[in-house]
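Observations on the three-dimensional arrangement
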Amino acid sequence: MPIRADIQKSAPGKLVTLYTVHAREIGGDLYHFTSTVTSIDQQPDPELNHPVTFGGVTYYPMAIAGSDFELTGKGSLPTPHLAMGTQLPGFFAAILGLDDLVGAKLTRTRTFVRYLDGQPTADASQKLLEDTFIISRMSSFNAVAIEWEMKASIALDTGKLPRRPMTRNWCG
């Protein structure tokens, strides 16, 4: 059953949020994490406190809390915040060595537990629309957690719309 039909159910199942930090453009690597809480009730879920695989990619569990991801048709683009624990030493070292990951792309993928690899109904094509953001700054950092502020990938300062001059009533 497609994911679009699942989200219409009164009890669709456990929604899993997967995060990928694309730091290759700033000299790092790809980092894959999953939140140890379900996106529906925001309560820790012991079933998700282990690495999960989706589409052949392994996501490692982290204490992650995200906010302000909602995209509306009114006003400005979202500037979400993402806070995560500092328990993975390799990722922690990357943060310190790569200018706090500023400029790295973050992709948020949401799917249901039943579509994860290893499940009878595993299917990597069954996911909600992916959200892509650029890390714009580290807003807080301490021994327990790191928090970033992000901006929508379309809100980059390097481009402008339209990219070429447009002239009214002229084809050419």
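Structure report, in brief.

1. Brief notes about the pattern of salt bridges
Two side chains bearing opposite charge may form a pair once their charged atoms approach each other closely. Per the counting criterion, the structure on display carries five salt bridges. For aspartate 131, the salt bridge goes to arginine 110, with nearest N and O atoms at 3.9 Å. Taken together, the positions of aspartate 131 in strand S8 (residues 131–141) and arginine 110 in strand S7 (residues 105–112) put the pair 21 residues apart, joining distant regions of the chain. Residue classification places aspartate 131 among the buried positions, given a relative accessible area of 18%.

2. A few points about unusual backbone geometry
The phi angle at aspartate 100 is positive, at roughly 65°, despite the residue not being glycine. If you check the backbone angles, leucine 101 has positive phi at about 65° while not being a glycine. Relative to the helices and strands, leucine 101 resides in the loop between helix H2 (89–97) and S7. Given a relative accessible area of 0%, leucine 101 falls into the buried group.

3. What to know about the packing of aromatic side chains
This structure, assessed with the given rule, holds zero aromatic pairs. Over the ring of phenylalanine 112 we find arginine 114; its NZ or CZ atom is 5.2 Å from the centre of that ring.

4. Quick look at the side chain of histidine 32
Structurally, histidine 32 can be placed in strand S2 (residues 30–35). Among the polar contacts listed, one links the side chain of histidine 32 to the side chain of threonine 20, at a separation of 3.2 Å.

About the criteria used
Residues numbered from 1 in each chain as written. Predicted model: local features only at pLDDT ≥ 70, side-chain atom pairs only at ≥ 80, totals over all residues. Heavy atoms only, no water. Salt bridge = Lys/Arg side-chain N within 4 Å of Asp/Glu carboxyl O. Helix = DSSP H or I, 4+ residues; strand = E, 2+ residues; numbered from the N terminus. Buried < 20%, exposed > 50% of the residue type's maximum accessible area, 1.4 Å probe, protein only. Phe/Tyr/Trp six-rings, centres within 6.5 Å; stacked < 30°, edge-to-face > 60°. Lys NZ or Arg CZ within 6 Å of the ring centre and 35° of its normal. Polar contact = N/O pair within 3.5 Å; in protein donor to acceptor, adjacent residues only side chain to side chain.

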